[in-house]
Structure formats: structure tokens, C-alpha cells
Amino acid sequence: MKSAKYVFVTGGVTSSLGKGIIAASLAKLLQARGYSVTIQKFDPYINVDPGTLNPYEHGECYVTEDGAETDLDLGHYERFLNEYTSQANNVTTGRVYQTVIENERRGDYLGKTVQVIPHITDEIKRRMKILGDSGKYDIVITEIGGTVGDIESLPYIESMRQMIWEYGDDNAIVVHLTLVPYLAAAGELKTKPTQHSVKNLLELGVQPDVLVCRTERHLNPELRKKMALFCNVTPNAVIESIDLRTIYEVPLVMLKEKLDKVVLGKLKLSSRNEPEMDKWRDFLFKLEHPKSEVNIALVGKYVELPDAYKSINEAFIHAGAANECKVKVTFVHSELITDVNVGNKLSGFDGILVAPGFGSRGIEGKLEAVKFAREQNIPFFGICLGMQCCVIEYARNVLGIKKAHSSEMDSKTPDPIIDLMEQQKKVSQKGGTMRLGAYACDLSKGSNAARAYGKTHITERHRHRYELNNKYKQKLEDAGMVITGVNPETGLGEIVEIPSHKWFVGVQFHPELKSTVANPHPLFVRFVKAALDK
Ligand code: GLN
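Treat the numbers as computed from the prediction; the structure is a model and nothing was measured. (Residues numbered from 1 in each chain as written. Predicted model: local features only at pLDDT ≥ 70, side-chain atom pairs only at ≥ 80, totals over all residues. Heavy atoms only, no water.)

1. A short note on the overall build of the protein chain
Next, step 1: Check the secondary structure of the protein chain and you find 18 helices and 23 strands.
Next, step 2: Its C-alpha atoms give the protein chain a radius of gyration of 25 Å, near enough to 24 Å, the size a compact globule of 534 residues would have.
Next, step 3: Taking the principal axes of its C-alpha atoms as reference, the protein chain extends roughly 75 × 65 × 45 Å.
Next, step 4: When each of the 534 residues of the protein chain is scored for burial, the buried share is 58%.
Next, step 5: Contacts in the protein chain between residues at least 24 apart in sequence constitute 74% of all its contacts with a sequence separation of at least 6.
Next, step 6: Total accessible area on the protein chain is roughly 22200 Å²; 50% of this is exposed by carbon and sulfur atoms.
Next, step 7: Mean positive and mean negative side-chain charge positions of the protein chain (67 and 67 charges, respectively) differ by 2 Å. (Helix = DSSP H or I, 4+ residues; strand = E, 2+ residues; numbered from the N terminus. Rg over C-alpha atoms; globule rule 2.2 N^0.38 Å. Buried < 20%, exposed > 50% of the residue type's maximum accessible area, 1.4 Å probe, protein only. Contact = heavy atoms within 4.5 Å. Areas by Shrake-Rupley, 256 points an atom, 1.4 Å probe, with all protein chains shown as cover. Lys, Arg positive; Asp, Glu negative; His and termini not counted. Charge placed at Lys NZ, Arg CZ, Asp CG, Glu CD.)

This is the structure:
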């Protein structure tokens, strides 16, 4: 059995430095050198998972194959590594405490006072080791959410310190990400915040092994030397991470900076061959040299925070490169769309996507957007709630069922064409109880979906409680909206299409979650192509 080595990634000075991207880039390079790598993230908040968080709070909730509702950084891990993550890859303080409290109630600690040290830290360490102990990985990269010095991250830093003590310096190291700000008035880059944040770590008993310095300007050799000296790291372990145009450049820049080699050196692992990054380079070249451009409207209600639609945006980037075109995504606020202004808001776009969502805010605007795309024959893609809107709109405006609605928005509608799933009717708790994770779907031969996937049996990830009400299936199909994807076990309608339309596809699942650099999602690729052909 393999025994894994550990790389911890911490952040100092400020949040939003891009720890997730650095972790994913390092993982990518190690993978490209032939190591088996996985990444896990520990989030210091008290929610058991981000499933019940409003997207405004925390951006998109990323769903794994096994149905875990996780932090959006896991999306980056999958997009970079082209490998699935799972429940074990994302742990929150809430989850840790939940386990410890359940243990306590069961009597596991009988007689003892249950405390942060050792009970909480032991549970954190147990979870830090799960993937490493699976025997599947050479290296486990563990990202600690939050910023060093935060009260809530203290138990994680302490657990990390104990892991390093247990495994030894050659088997567990710390990559610390910091900010080196440029002070325009002084005309200088400043290293003091980095020194202070390393000091912070040292006070907690942890000496970082590698510094990754986020910066707007290049670090000169003196600055690097100064940081190495004052932060007590080897001179080769000060890595510059300059601001870049796209996150997809980061692995290549980290390769130039030798982040992967330095890490392998510290872990006493051989660098093996130069990393195989040709496909990645090819993708990046296409991304940066588009031959044409398409304009897509993304209609949603969380548009003030682009992170709410992270995976959709990234899927468009992958699909754009695959089509050698730039996909310009414009967010259109669904609450501001009315039957009067819809033409104004949406004409001029080559494609329209109606986004996932919950609750009734902005729903009428989404329905107007669907109607406009359908009537104007503009390539259309509806995802989850976006698919449900396709069905409601068709029922109202083509079948003439004027009061058709989803029972999520109108519990008294006489025509619940979208209705609560049978299994959901007994569910009262909100956390982790949706239809989550991968489910199978059979596609109709000759449909847009089957053409895109190139096969008729697929699996896709879900996150919803409502579904197309099969009582209306025949009526819809007779009127020209066809159900082209069905779950084989339950008969749930997962995909709708209008064959007479240029390209009109609504999917109950979330295809964006499975789009990666290596495997751009076929539905996004086809949607962009349809928009391009328009
Ligand atoms: N609110 C809808 C449901 O629960 C759609 C969910 C979504 O778009 N993810 O079924």
C-alpha cells in the first residue's frame, strides 16, 4: 500500500489570494510528473456543508459524484486534475464538531471532558488522513481555508502542526501563500506583511517550507533573498505568483517558478520526467488565440456575484477553446426582465442560457427569457431551474395551460407541471436532502443531447427537489417539446428539447460540474457551436 506524503497549503495576509488555484496548479504539475495526487479542503465555518448557504455568501455550491455539497474550490480541483473528488475532499468545522458531539452522545469519551485539544484536533487529523490512508495517492494536498491568525482556523493549524510532527519534515510540508503588495507612493514592493504572517505561523509552531508570493510586479533577486532570510526558508523556496490573465496560466507559470520541483525536493521525492503539459498548452493557446467570438446571455438572479455561476463560466471557457472561439458571457439580471423590455435586454446575443436557482425571485424574467429564445429561434440552454422554466413556459404559451407553474413557486397552482419529487415529500430537513450527485440518464437516439455526447447512456450530477411532472409528458410531446433524456430507474424526465428549434436544450442536471480542461462538456461545446453557427 502506498503511504501518502502531505502538502499543506495555508494563506496569510488576506483572503482571496487564490489558494485553491495554487493548490490545483501544484497538483496538476505533480500529476503531470506521474504522481497520483488529490486535494482536500478544510473550511473553518460552522455550517456542516455549504449546501444551505446563499450563493451571495459563498459563491456556487459544487456537487461531487457521490452527492456531497462542497466548496467551489473543489470545482477547480476537478477542472485542473480531471479527476473526481468526493465527500472526503471537503470538511468543515461544522462537520468535525457534529462527529465529535455524536461520539460524545454515544459515550465514546465516557468519563472525559471533551475539548478542542485533543478531541477536535484528533477528529480533524483523522479526516486529514482518510484520503492519504486509502492507498490511492502518493501526495495529498490539503488546503486550509481562511487566513492564518483567524480564531476559527487555529484548530486546523494545530492539527497540521501535529501531522508534521507525526509524519516528519520529509513527509509533510507547508506551502504558505502570501501577498507582497506594491505601494505606488513608495514605488516599492513590501515584504513586511509576509514576514508578519510567517511570524504568525511560527507562533503556532509551524515553519513554512515554501512561500508563494502573490504580487502585481516581479520580485527581484534581493527581495526574494530578503524574504528567504527573514522567513527562514531556502532561497529556492520563494516562489513568485504574478497576477495573470487567466487561472489556466497558473500551472505553467508555477512550472517556470519550479514550485513542483521545490515541493518534490522537500518531500525527498524524485522529479521524474518533465511534466507532460502539451494538452494543457494546446488548450491555453486556443483560449488565447480565438478565431471568432460569440456572445452569450446568462440569465440569473445572483448575477451581482459571478462566483455564484463559477462552474458555468469555466465550462464556457473550456467549450470556447474547443470551438476556438472566445465566449463572451454577459450576466443579465432575471429580476429586471419583463415582457416589455425582454427584446431590448436579449436581442443581439448569439445564445441564451437560463441558470439554476431556487425560489420565486426573478422567475417571471427567466420565463420571458425562455419565451424570447424559443420564439426568436436563438440557441438556448436551460440548466436545472432553467430547464424547469422551459417546461413551464411551453405549457403556458404553447399548450395554453395559463396557470402552469412549479409547485416550488406556487404551491396552489392547478397545473403543477414541475412538482416536488415523490421521495422529497417526506423530507423536512433542509441540509443535504436534495436529489444530489450522479444519476444515470438514457438519451433518445438522434436528439441534440445524444449527438453531443456521442452515446445514449450517460450519468450527470443533480441538485434539486422538483421534477417534470410526467402527467404532462404526452401533452408536451404532442405539442413539440420532446423529453430526450430519462432516468432509467425512476422514469424522471431529465432533458427536454424542441426539435424544430435551432438548438433548444433544457437539462435537469448540472453539466457544468463535469466540464474540465481535458474534457470540455459536450453540451456546452454544442451550445457554443450552435451560437457560433447562428
Ligand atoms: N429549485 C429547483 C429545484 O429544487 C431547481 C434547483 C436548481 O436549479 N439547482 O428543483
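We are not done yet, so read on.
2. Considering the side chain of Glu69
Next, step 1: Topologically, Glu69 is positioned in strand β4 (residues 69-70).
Next, step 2: Non-local contacts of Glu69, meaning those with residues more than four positions away in its chain, are made with Asp49, Pro50, Gly51, Cys61, Tyr62, Gly432, Met434, Leu436 and Arg463.

3. Things to note about unusual backbone geometry
Next, step 1: Of note, the amide linkage connecting Ile117 to Pro118 takes the cis form, showing an omega dihedral of 10°.
Next, step 2: Inspection of the secondary structure puts Pro118 in helix α5 (residues 116-129).
Next, step 3: Phi is positive for Val13, close to 75°, though the residue is something other than glycine.
Next, step 4: Along the chain, Val13 turns up in the loop between β1 (5-11) and α1 (19-32).
Next, step 5: Owing to a relative accessible area of 35%, Val13 belongs among the partly exposed residues under this scheme.
Next, step 6: Non-glycine residue Asn377 carries a positive phi angle of around 60°.
Next, step 7: Residue position: Asn377 is located in the loop between α14 (363-375) and β15 (380-383).

4. A few points about the site of the ligand
Next, step 1: Every residue close to the ligand is listed here: Pro356, Gly357, Phe358, Cys384, Leu385, Gln388, Glu408, Arg463, His464, Arg465, Tyr466 and His510.
Next, step 2: Between the ligand and Gly357 there is a distance of 2.9 Å, counted from an oxygen atom to a backbone nitrogen or oxygen.
Next, step 3: Interatomic distance of 3.2 Å between a side-chain N/O atom of His510 and a nitrogen atom of the ligand.
Next, step 4: Relative to its unbound accessible surface of 300 Å², the ligand loses 99% to contact with the protein.
Next, step 5: Its residues assigned to classes, the shell around the ligand shows five nonpolar, four polar and three charged. (Near = heavy atom within 4 Å. Polar contact = N/O pair within 3.5 Å; in protein donor to acceptor, adjacent residues only side chain to side chain. Nonpolar A, V, L, I, M, F, W, Y, C, P; charged D, E, K, R; others polar.)

5. Brief notes about the state of the cysteines
Next, step 1: A full pass over the atoms with the stated rule returns zero disulfides.
Next, step 2: No disulfide involves Cys61; its sulfur sits 12 Å from that of Cys384, the nearest cysteine.
Next, step 3: The exposure class of Cys61 is buried, given its relative accessible area of 12%.
Next, step 4: With no disulfide of its own, Cys213 lies 7.8 Å from the sulfur of Cys231, the closest cysteine sulfur. (Disulfide = S-S within 2.5 Å.)

6. Some remarks on a nonpolar patch on the surface
Next, step 1: Judged by side-chain polarity, Tyr97, Ile101, Val116 and Ile117 come together as a nonpolar surface patch covering roughly 340 Å² of accessible area.
Next, step 2: At the level of elements, α4 (93-106) and α5 are the ones that each hand at least two residues to the nonpolar patch.
Next, step 3: The topology assignment puts Tyr97 in helix α4. (Patch = residues over 30% accessible without salt bridge, like charges linked within 9 Å, V, L, I, M, F, W, Y side chains within 5 Å. Salt bridge = Lys/Arg side-chain N within 4 Å of Asp/Glu carboxyl O.)

7. Considering the nonpolar core
Next, step 1: Counting 60 residues, the largest nonpolar core has Val7, Ile141, Val210, Leu259 and Val263 as its most contacted members.
Next, step 2: Here this core takes nine residues from α1, the largest share from any one element.
Next, step 3: Leave out the neighbours within four places in its chain, and Val7 touches Leu26, Ile139, Val140, Ile141, Thr142, Ile173, Val175, Val263 and Leu267.
Next, step 4: The next biggest cluster of nonpolar side chains, apart from the first, holds 39 residues, and it includes Phe380, Val391, Tyr394 and Tyr472. (Core = buried A, V, L, I, M, F, W, Y, C linked by side-chain atoms within 4.5 Å.)

8. Things to note about the packing of aromatic side chains
Next, step 1: As enumerated under the stated definition, the model contains 18 aromatic pairs in all.
Next, step 2: Measuring from ring centre to ring centre gives 5.2 Å for Tyr248 and Phe283, while their planes differ by 80°; the resulting arrangement is edge-to-face. Note that Tyr248 is positioned in the loop between β11 (238-242) and α9 (250-256) and Phe283 in helix α11 (residues 278-288), a separation of 35 residues in sequence. For the pair Tyr248 and Phe283, one class covers both residues: buried.
Next, step 3: Pairing Phe381 with Phe524 gives two aromatic rings, centres 5.1 Å apart and planes at 70°, and the pair type is edge-to-face. (Phe/Tyr/Trp six-rings, centres within 6.5 Å; stacked < 30°, edge-to-face > 60°.)

9. Thoughts on the sheet that holds β1
Next, step 1: Strands sit in the order β5-β2-β6-β1-β7-β10-β11 across an open sheet of seven strands; the sheet is parallel. On the outer flanks of this sheet lie β5 (90-92) and β11, each paired with one strand and no other. Averaged over all neighbouring strand pairs, the angle between strand axes comes to 20°, with direction disregarded.
Next, step 2: Of the pairings in the sheet, the one linking β1 to strand β7 (residues 172-179) comprises six bridges and is parallel in character. Bridged to Gly11 within β7 is Leu177.
Next, step 3: Contacts between α1 and the sheet are confined to β1, β2 (37-43), β6 (139-144), β7, β10 (210-215) and β11, with β6 contributing the most and set at about 175° to the helix.
Next, step 4: Along the sheet face, helix α10 (residues 259-266) touches β1, β6, β7, β10 and β11 and points at about 160° away from the line of β10. (Pairing = 2+ DSSP bridges. Axes fitted to C-alpha atoms, helices over the stretch in contact; angles between N-to-C directions.)

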